[in-house]
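Structural features, examined
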Amino acid sequence: MEIPMEPDSPSIQESNLAKLKAYLITTVTREFNKVSTSPDERAAVIQEGLTNAYEQTGIKLPDSLRIHLFQEILDDLIGYGPIQSLLADPEVSEVMVNRYNKVYIERGGKLIETEVTFDDDDHVMRIIDRIISPLGRRVDSESPMVDARLPDGSRVNVVIPPVAIDGPMLTIRKFSKNKLTIDQLIEFDTLTRLMSDFLRACVLGRLNIVISGGTGSGKTTLLNVLSSFIPETERVVTIEDSAELRLDQVHVVRMEASPPNIEGHGEVTIRDMVRNSLRMRPDRIIVGECRGGEALDMLQAMNTGHDGSLTTLHANSPRDALSRMETMVLMAGMELPLKVIRQQIASAVDLIVHQSRMRNGPRKITAITEVSGMETDTIVMSDIFRYEQTGISPEGVVLGYFRPTGIRPMFSQALETVGYKLSAEMFRTGNTAPQPASSRR
């Protein structure tokens, strides 16, 4: 525990400070449990109780140390303990507790070890319980892994012994309060204006789009941005494991998977919701992430008139994304020949947008790839745009550029029928943005 000290103040042994902290927590907790307070009043009541209990001890700490100690106790009693300040920092996107004395954060795309520590494993477990208990979840030796969502939308993952060998682990991916726009992604050099205009035309043209990429590559952020292009007149059904999408359209129906209860009943999977969504008269189906057998139901929806669907999946490249889809379809338990599965994929998926997290943190769309059809037993793919990495600067910044490949997508005619003409100039040097026709869908 880092202790701030005022100039010329006497040193204070951490062991004694720990005893004082434990005494204050015990005293305040005992008094606090005797009264009924609203959530808004808790901080003030605890602060008053701390002041009274501290004065009764007769101990005189430097003001900076006392304020720091009181804040630690407040965080422990009504916040998330030592990581409360990290979660409150708007520049921190992820908090990772590897051990009680090893806490990392992601800031600006970079992993940084902090000086924040917990007292011990029991301290970590107390904070974990505070996080998941209000969510109706439990974690113990029989159920040592938990995925959950905080009220603010942040995603929480917990792993405890015996699975976690070095002690309880906690990962929180913070929910950004500010929804990113396509203009911001362009400013961050995630893609170019030309690519954004192309993707907007593809969404408005009701192409089925799969966003692929690795963990933390920004797939959900991109899905949010592409979803914002959907017209207000359409009914959108979103299906997620943990609700993260924030659509601004008026007619949006949101569904979230539900884990089984303590008795093992009541589970609702993404696959259950995808099948049910077909009875909800959707214009668009958006699945936050395909991980298993729901891929088959998603493909069937795309192949039965539900054009304009979007989803994400984990993959290392556009070609790998198709291989992953094949594997996930097989996970549905259907004994389908591989060629049939590939035909389903080739006829359902129109476009794959692959996003990567580059060295040193920046996210970039490294490929926009058309799924062109089948040749014998192989799915044919054509890159429309690519990111070409040329090197790394002395500061470790990735150098490169986005470029069209010169290939005109086969679905250009389909976009023209709904009012979007893709100029031939768009796919070579000196290109232009999609030109809307007089009647836009």
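Small disclaimer: the values here were computed from a predicted structure and weren't measured. (Residues numbered from 1 in each chain as written. Predicted model: local features only at pLDDT ≥ 70, side-chain atom pairs only at ≥ 80, totals over all residues. Heavy atoms only, no water.)

Some words on the nonpolar core
Membership of the largest hydrophobic core comes to 42 residues, with the highest contact counts inside it found for Phe198, Leu199, Ile209, Leu226, Leu351 and Ile368. Secondary-structure elements contributing two or more residues to this core are helix H6 (182-187), helix H7 (193-204), strand E7 (209-213), helix H8 (219-227), strand E12 (351-357), strand E13 (363-375), strand E14 (378-392) and strand E15 (398-404). Element by element, the count of residues in this core is highest for H7, at eight residues. Excluding residues that lie within four positions of it along the chain, Ile209 makes contacts with Cys202, Val203, Leu226, Ser309, Leu310, Thr311, Leu351 and Val353. Judged by nonpolar contacts, the second largest core, of 35 residues, contains Ile239, Met302, Met325 and Val349. (Core = buried A, V, L, I, M, F, W, Y, C linked by side-chain atoms within 4.5 Å. Buried < 20%, exposed > 50% of the residue type's maximum accessible area, 1.4 Å probe, protein only. Helix = DSSP H or I, 4+ residues; strand = E, 2+ residues; numbered from the N terminus. Contact = heavy atoms within 4.5 Å.)

Describing the confidence of the model for the protein chain
With 91% of its residues at a pLDDT of 70 or more, the protein chain shows a mean pLDDT of 85. No element of the protein chain has a lower mean pLDDT than strand E17 (residues 435-436), at 46, and none a higher one than E7, at 96. Note on residues 1-11: pLDDT is under 50 here. Beyond four places in sequence and across chains, it has 21 contacts. Every residue in residues 435-441 is under pLDDT 50, and counting partners more than four places away or in other chains gives 14 contacts. (pLDDT = per-residue confidence, 0-100.)

Examining a negative patch on the surface
On the surface, a cluster of negative charge is made up of Asp119, Asp120, Asp121 and Asp122. If you trace the backbone, Asp120 turns up in the loop between strand E3 (110-113) and helix H5 (121-132). For Asp120, a relative accessible area of 33% gives the class partly exposed. (Patch = residues over 30% accessible without salt bridge, like charges linked within 9 Å, V, L, I, M, F, W, Y side chains within 5 Å. Areas by Shrake-Rupley, 256 points an atom, 1.4 Å probe, with all protein chains shown as cover. Salt bridge = Lys/Arg side-chain N within 4 Å of Asp/Glu carboxyl O. Lys, Arg positive; Asp, Glu negative; His and termini not counted. Charge placed at Lys NZ, Arg CZ, Asp CG, Glu CD.)

Points about the sheet that holds strand E6 (residues 169-173)
The strand order across the open sheet formed by six strands is E3-E2-E1-E6-E5-E4, and the pairing between neighbours is antiparallel. Here the strands that pair on one side only, and so sit at the sheet edges, are E3 and strand E4 (145-149). On average, each strand axis in the sheet is tilted by 15° relative to the strand beside it, whichever way the strands run. Two elements, E4 and strand E5 (residues 155-159), share five bridges in a ladder whose sense is antiparallel. Opposite Ala148, over in E5, you have Val156 as the bridge partner. (Pairing = 2+ DSSP bridges. Axes fitted to C-alpha atoms, helices over the stretch in contact; angles between N-to-C directions.)

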